[in-house]
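Tertiary structure, described
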Amino acid sequence: MTKISFYKVSGGVASAINLAAKLTEKSIEEKCKVLWQVSDEKFVKHVDQVLWGYSHTSFLPHGTGPLSGPVGISKESTPGIHHEVLMNFQKDIPAWFSRFERLIEFIYEDHTDIEIKRQHFRFFKARGYETDYIDLSNEKFT
């Protein structure tokens with residue numbers, strides 16, 4: 001069964017993206033494939049730029065689209081080759097989320113997004129999924 005984690009950060013979506021990049025790096029070290037599921041092409045391009053410039057001392061191999069690996073950044077409605085780690089930056093829960101070993105949701109300082117994540121949390125709990133809530137709002141992700 002998919003393990004669901006909710007990470008709370010202070011600041012806006014930029015803080016969530018930076019945390020997701022850090023988690024992506026950790027996943028790559030553990031030899032896991034990661035899919036960033038995002039809302040639109042503008043978000044795809046932004047994450048692509050963030051991952052290319054993430055660190056001067058490491059490399060996060062990635063590409064755009066669900067067929068890219070080990071890290072894909074996609075707005076498409078298919079998981080492609082991925083089944084290990086899903087980072088959801090969309091308003092909806094992908095219908096195919098359960099094929100993943102782990103789903104990560106990010107909570108950041110946006111009232112609309114917070115309500116959406118509350119709905120997601122209730123959805124998963126009602127269906128018996130194991131859910132973790134990790135509050136990192138006292139840490140900085142820049």
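Our structure's up above, just so we're on the same page.
This is a predicted model, so every value here is computed, not measured.

**Regarding the nonpolar core**
Counting residues in each nonpolar core, the largest one holds 29 residues, and the members touching the most others are L19, W36, V38, L51, M87, F89 and F106. At the level of secondary structure, the elements contributing two or more residues to this core comprise α1 (13-29), β2 (34-37), α2 (41-52), β4 (71-74), β5 (85-88) and β6 (102-107). The element that contributes the greatest number of residues to this core is α1, accounting for 7 residues.

**Concerning the environment of T78**
Positionally, T78 belongs in the loop between β4 and β5. Note on T78: relative accessible area 35%, which makes it partly exposed. In sequence terms T78 and I104 are 26 residues apart; their C-alpha atoms lie 17 Å from each other. With residues up to four places along the chain from it excluded, the contact list for T78 reads L35, P66 and W96. Polar side-chain contacts of T78 include one of 3.3 Å to the backbone nitrogen of G80.

**Brief notes about α1**
The end-to-end C-alpha separation of α1 is 24 Å, in line with the 24 Å expected for 17 residues at 1.5 Å each. Among the residues of α1, S15, A16, I17, N18, L19, A20, A21, L23, T24, S27 and I28 are the ones counted as buried. In this fold, the buried residues of α1 make contact with β1 (3-8), β2, α2, β4, β5 and β6.

**Some details on the sheet that holds β2**
By definition, the strands of a sheet pair up through backbone hydrogen bonds, in either a parallel or an antiparallel sense. The strand order β3-β4-β2-β5-β6-β1-β7 describes an open sheet built from 7 strands, whose pairing is parallel. The outermost strands of the open sheet, each flanked by one partner alone, are β3 (63-64) and β7 (131-135). Relative to β6, β1 runs parallel, the two sharing 6 bridges. When the sheet's bridge partners are listed, I4 is paired in β6 with L103.

Reading guide: rules and limits
- Residues numbered from 1 in each chain as written.
- Predicted model: local features only at pLDDT ≥ 70, side-chain atom pairs only at ≥ 80, totals over all residues.
- Heavy atoms only, no water.
- Core = buried A, V, L, I, M, F, W, Y, C linked by side-chain atoms within 4.5 Å.
- Buried < 20%, exposed > 50% of the residue type's maximum accessible area, 1.4 Å probe, protein only.
- Helix = DSSP H or I, 4+ residues; strand = E, 2+ residues; numbered from the N terminus.
- Contact = heavy atoms within 4.5 Å.
- Polar contact = N/O pair within 3.5 Å; in protein donor to acceptor, adjacent residues only side chain to side chain.
- Expected span 1.5 Å × (residues − 1).
- Pairing = 2+ DSSP bridges.

The analysis is restricted to geometry; functional conclusions fall outside its scope.
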